[in-house]
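Now for the letters of each chain:
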Amino acid sequence: MTYLSRLKGKEMNAGQERSDLALDVYERMKVICFFLGFLLLACQPNEHRYYWQSIRIRGAAQFDTTHTTIVKTALRKGYTIAYQTSFDTIEYIRDTVANRLLFRKHSYAAFDTLWHLESQSYLVKGRSYPVERFRLPTASSDSGANFYWCDELGMFFRRASFWPEYAILQSSDEDLNQRIWLLVKASYLAIKKQLYSNVEMMGSEPLVSGREPVIDSRY
């Protein structure tokens, strides 16, 4: 075997060794990336739990909480948000192109287009939140509801049109709760008088196991 042949053979062997080494490193990196990804996923914080805080004032204050699961789905011209509880599913279709909001309380019911009443932005903790107010298209003298919508938060506040009855979206995120309550008090000023002038009455409400307490009046 000539010197040139031996040299070529050594180069081929060295190339094969480098290829094998590169493949080995690649396989090891895949394993490392897999475990790193698994660890990152495992270390992600749990999603926030959400619930509706219901408040009724009919001579005495009545409080309740209903846990809800929020499912958001993107559409070509907007998105849908469904609030699923153990009792029902309330679904909204948000048309961001036509600035419309459709609503239905049960999956078997038809959608109603809510009437748009006003738009207003509120500054909360250094951030501006555009809030849209809607109401049901038909309402008798003792019924009806107003819906307060923010594209970042979804439906965060509902209130009866003629009675002090409210539903406020809350969660396990305390900062988010504060922001929502600040938005509620800014977008519906009357709730301050109807709720926070009766702190003693609110504070006397007994806490029930499994329910979150009424939000702190400092908010």
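Residues numbered from 1 in each chain as written. Predicted model: local features only at pLDDT ≥ 70, side-chain atom pairs only at ≥ 80, totals over all residues. Heavy atoms only, no water.

A. Here's a closer look at the overall build of the protein. Looking only at helices and strands, the protein has 4 helices and 11 strands in total. The buried share among the 219 residues of the protein stands at 33%. Put simply, of all contacts in the protein between residues at least 6 apart along the chain, 38% involve residues at least 24 apart. (Helix = DSSP H or I, 4+ residues; strand = E, 2+ residues; numbered from the N terminus. Buried < 20%, exposed > 50% of the residue type's maximum accessible area, 1.4 Å probe, protein only. Contact = heavy atoms within 4.5 Å.)

B. Up close: the pairing of strand 5 (residues 100-104). Judged by how many residues are buried, strand 5 sits mostly within the fold: 4 of 5 residues are covered. Where strand 4 (residues 89-95) meets strand 5, 5 bridges bridge the pair, whose relative direction is antiparallel. When the bridges of strand 5 are listed, I93 appears paired with L102. A loop of 4 residues connects strand 4 with strand 5, the two strands running antiparallel in sequence, and N99 in this loop sits at a positive phi of about 55°. Pairing between strand 5 and strand 6 (residues 112-113): 2 bridges, direction antiparallel. Counterpart to F103 in the pairing with strand 6 is D112. (Pairing = 2+ DSSP bridges.)

C. View of the confidence of the model for the protein. Scored by pLDDT, the protein has a mean of 75; 64% of the residues are at 70 or more. Highest mean pLDDT in the protein belongs to strand 8 (residues 127-135) (95); lowest belongs to helix 1 (residues 3-43) (46). Low confidence marks residues 30-46, where pLDDT is under 50. Its contacts with residues over four positions away, or in another chain, come to 0 contacts. For residues 204-212, every residue scores under 50 in pLDDT, and the model assigns this stretch 11 contacts once sequence neighbours within four places are set aside. (pLDDT = per-residue confidence, 0-100.)

D. Structural view of the packing of aromatic side chains. A complete count under the given rule lists 11 aromatic pairs for this structure. Residues Y79 and W149 carry aromatic rings whose centres are separated by 6.3 Å and whose planes lie at 25° to one another, so their mutual orientation is stacked. One end of the pair, Y79, is in strand 3 (residues 78-84); the other, W149, is in strand 9 (residues 145-150), and 70 residues separate them in sequence. A relative accessible area of 9% places Y79 in the buried class. Under the relative-accessibility criterion, W149 is labelled buried at 0%. Over the ring of Y79 we find K72; its NZ or CZ atom is 4.4 Å from the centre of that ring. In this structure, R158 packs its charged tip against the face of W52, placed 4.7 Å from the ring centre. (Phe/Tyr/Trp six-rings, centres within 6.5 Å; stacked < 30°, edge-to-face > 60°. Lys NZ or Arg CZ within 6 Å of the ring centre and 35° of its normal.)

E. Quick look at the pairing of strand 4. The buried fraction of strand 4 is high, at 5 of 7 residues. The sheet contact formed by strand 3 and strand 4 spans 7 bridges and is antiparallel. Counterpart to Q84 in the pairing with strand 4 is T89.

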